[in-house]
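# Descriptive structure summary
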Amino acid sequence: MKKLIMSLFILGSLSTMALTVPSKEELNHVGNLIYKNETGLKREFLVHWNKGEEFPSLGIGHFIWYPENFKNGRFDESFPGLIEFYKEKGISVPAILSTRYSPWTSLEQFDEAKKNGEMNTAIDFLENTKDVQIEYIYKRLDSSLEKLMAVSKNPEHVKKQFNRVASSKNGLYPLIDYVNFKGEGIKDTEKYKGEGWGLLQILELMKGEQTGASALNEFADAAIFVLHRRIDNSPTERGEERWKANWTNRCNSYRNN
């Protein structure tokens, strides 16, 4: 958080209000909201493989983990980074999670391993370390503003809108959740028909001035817009329309949390 605050002041602050460092309790609250968004608070979904996808997703943030035969996928692979984060903190990781690539290479193989109880150790570990996972997600947000400004055609506008949300009451949750959920929006591979769906695209759409409810409502509206656009632009065979209602509800949670 200190890095984020310093970046905001170095780049220029939207107002004279100083951002406060979130407590462990506040971060864990956000972590529980993300856990609910991704798993419905069901521990068995801490390891999951969506139909129509080529990889499993693990942890409270459903971090992507590519099989070796699919290592150059379109979406940002975040699970190996989480494992490195555990190791940096001196936390021992179960052997089943310690390989560079996912040991399961298909949905069928994954489901069989889950049915046989092969993943029970992984599920227990991920459930017991939710606090570390929200730290990892926050670390990504902490470094995001500089990246967004570096690629945006209107970096001062992006900074302004980021600050609007960040300095609003309960503004941490939308920013942390969305950057984990759909990324920064700066990778060329994370676009359909030339249109991205990440945090950058949301901030570029926002136009308001006020903080508080106004900022959170506009953030939610912009998030819904870019995700619906993604669905409209997505390849038919991916069947992304099935996620529309769930994604919309998730974005609406940014208004009141």
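Everything here concerns the structure above.
As the structure is a computational prediction, the values presented were derived from the model and not from experiment. (Residues numbered from 1 in each chain as written. Predicted model: local features only at pLDDT ≥ 70, side-chain atom pairs only at ≥ 80, totals over all residues. Heavy atoms only, no water.)

Right, let's talk about the nonpolar core for a bit. Generally speaking, nonpolar side chains in soluble globular proteins are found buried as a group. Counting 72 residues, the largest nonpolar core has L97, I176, Y178, L199 and F219 as its most contacted members. At nine residues, the largest contribution of residues to this core is made by helix α11 (residues 213-233). (Core = buried A, V, L, I, M, F, W, Y, C linked by side-chain atoms within 4.5 Å. Buried < 20%, exposed > 50% of the residue type's maximum accessible area, 1.4 Å probe, protein only. Helix = DSSP H or I, 4+ residues; strand = E, 2+ residues; numbered from the N terminus.)

Judged by pairing direction, the sheet is antiparallel, and its three strands sit side by side in the order β1-β2-β3 without closing on themselves. The open sheet is flanked by β1 (47-48) and β3 (63-64), the only strands paired with a single partner. With two bridges connecting them, β1 and strand β2 (residues 57-58) associate as antiparallel partners. Across the sheet, H48 pairs through a bridge with S57, a residue of β2. (Pairing = 2+ DSSP bridges.)

In this structure, the largest pocket spans a volume of roughly 640 Å³. Every residue lining the largest pocket is counted, 32 residues in all, and those nearest its centre are E38, N50, H62, F181 and K182. Classifying every residue of the lining of the largest pocket by side-chain character gives ten nonpolar, twelve polar and ten charged. (1 Å grid on protein atoms, 1.4 Å probe; cavity = no way out; pocket = protein on both sides within 12 Å on 5 of 7 lines; lining within 4 Å. Points joined across faces, edges and corners; volume = space filled by probe spheres on them. Nonpolar A, V, L, I, M, F, W, Y, C, P; charged D, E, K, R; others polar.)

What describes a pair of aromatic rings is the distance from one ring centre to the other and the angle between the planes of the rings. One pass over the structure, following the stated rule, counts 19 aromatic pairs. Relative to W104, the ring of W65 has its centre 6.0 Å away and its plane inclined at 90°; by these criteria the two rings are edge-to-face. Taken as a pair, W65 in the loop between β3 and α3 (79-88) and W104 in the loop between α3 and α4 (107-115) lie far apart in primary sequence, 39 residues in all. Grouping residues by exposure puts W65 and W104 together as buried. Ring geometry for Y173 versus Y254: centroids 5.4 Å apart, planes at 75°, classification edge-to-face. Taken together, the residues span a long stretch of sequence, with Y173 in helix α9 (residues 172-182) and Y254 in the segment after α12 (244-252) at a distance of 81 residues. Side by side, Y173 and Y254 carry an identical accessibility label, which is buried. Linked through ring pairs, Y173, Y178, F181, F219, W243, W247 and Y254 together constitute an aromatic cluster. Across the ring face of Y101, the terminal group of R100 is positioned such that the distance to the ring centre comes to 4.4 Å. (Phe/Tyr/Trp six-rings, centres within 6.5 Å; stacked < 30°, edge-to-face > 60°. Lys NZ or Arg CZ within 6 Å of the ring centre and 35° of its normal.)

Turning next to the side chain of S167. Within the secondary structure, S167 is located in the loop between α8 (155-166) and α9. Relative accessible area serves as the criterion here: at 15%, S167 is assigned to the buried category. Among the polar contacts listed, one links the side chain of S167 to the backbone oxygen of N163, at a separation of 2.6 Å. (Polar contact = N/O pair within 3.5 Å; in protein donor to acceptor, adjacent residues only side chain to side chain.)

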